[in-house]
Amino acid sequence: MRRRLLGKSEDNDPMSVVSNLFDVAMVFAVALMVALVSRYNMTEMFSQEDFTMVKNPGKENMEIISKEGEKINRYTPQNDDSQSQGDKGKRVGTAYQLENGDIIYIPED
């Protein structure tokens, strides 16, 4: 009887703790990703619909993110490659989309 109690190797295996920690870390990582997606309202990234969204409109760190099918494009005006070619544009106005779908353009003076 004593031999059976001392012979169990799973009770003395220090590597079993590491495998349990890996499982806990994976569950935590998935939970963190779900929390971040729901917090920042990024659920559109997982839908099948195409969309375009503007982060920080009118500011220096503005970004335009668009999804077309499976491809996600990210455009940051200050990091644009066209600056080296001298094709940099400037802001000439603002466009607003109304609730009924009409778009109004207001030029800047």
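Everything that follows concerns the structure shown earlier in this document.
Residues numbered from 1 in each chain as written. Predicted model: local features only at pLDDT ≥ 70, side-chain atom pairs only at ≥ 80, totals over all residues. Heavy atoms only, no water.

Enquirer: Looking at this model, I keep getting lost on the pairing of strand 5 (residues 103–107). Mind explaining?
Expert: Remark: a regular strand shows side chains that alternate across the two faces of the sheet. Sheet topology places strand 4 (residues 93–97) next to strand 5; five bridges connect them, and they run antiparallel. Bridging from a neighbouring strand, glutamine 97 pairs with isoleucine 103 of strand 5. If you look at the hairpin formed by strand 4 and strand 5, you'll find five residues sitting between the two strands, and glycine 101 has a positive phi there, around 100 degrees. (Pairing = 2+ DSSP bridges. Helix = DSSP H or I, 4+ residues; strand = E, 2+ residues; numbered from the N terminus.)

Enquirer: I tried to follow unusual backbone geometry on my own but got confused; where do I start?
Expert: Trans is the prevailing form of peptide bonds, just as negative phi is the prevailing case for residues other than glycine. Look at asparagine 56: it is not a glycine, yet its phi comes out positive at around 55 degrees. Along the polypeptide, asparagine 56 turns up in the loop between strand 1 (51–55) and strand 2 (63–68). Classification of asparagine 56 as partly exposed rests on a relative accessible area of 30%. (Buried < 20%, exposed > 50% of the residue type's maximum accessible area, 1.4 Å probe, protein only.)

Enquirer: Explain the sheet that holds strand 2 here, please?
Expert: Hydrogen bonds between backbone groups are what pair the strands of a sheet, and the pairing can be parallel or antiparallel. Across the sheet, which stays open at both edges, the three strands sit in the order 1-2-3 with antiparallel pairing between neighbours. The sheet terminates laterally at strand 1 and strand 3 (71–75), the two strands that pair on one side only. Each adjacent strand pair in this sheet contributes to an overall mean axis angle of 15 degrees, direction not counted. Pairing analysis gives five bridges linking strand 2 to strand 3, with the strands arranged antiparallel. For serine 66, the partnering residue across the bridge sits in strand 3 and is asparagine 73. (Axes fitted to C-alpha atoms, helices over the stretch in contact; angles between N-to-C directions.)

Enquirer: Is there a simple way to explain a nonpolar patch on the surface in this structure?
Expert: Taken together, Phe28, Leu32, Leu36 and Tyr40 make up a surface patch of nonpolar side chains, about 450 Å² in accessible area. Note that leucine 36 resides in helix 2 (residues 15–39). Classification of leucine 36 as partly exposed rests on a relative accessible area of 43%. (Patch = residues over 30% accessible without salt bridge, like charges linked within 9 Å, V, L, I, M, F, W, Y side chains within 5 Å. Areas by Shrake-Rupley, 256 points an atom, 1.4 Å probe, with all protein chains shown as cover. Salt bridge = Lys/Arg side-chain N within 4 Å of Asp/Glu carboxyl O.)

Enquirer: I would appreciate a short explanation of the pattern of salt bridges in the present structure.
Expert: A pair can form between side chains of opposite charge whenever their charged atoms are brought close. Tallied over the entire structure, the rule returns two salt bridges. In this structure, lysine 55 and glutamate 63 form a salt bridge, with 3.4 Å as the shortest nitrogen-oxygen distance. A salt bridge links arginine 74 to glutamate 63; its shortest N-O distance comes to 2.5 Å. Of the two residues, arginine 74 sits in strand 3 while glutamate 63 sits in strand 2, which places them 11 residues apart along the sequence. For arginine 74, a relative accessible area of 61% puts it in the exposed group. One network of salt bridges, in which partners are shared, links Lys55, Glu63 and Arg74.

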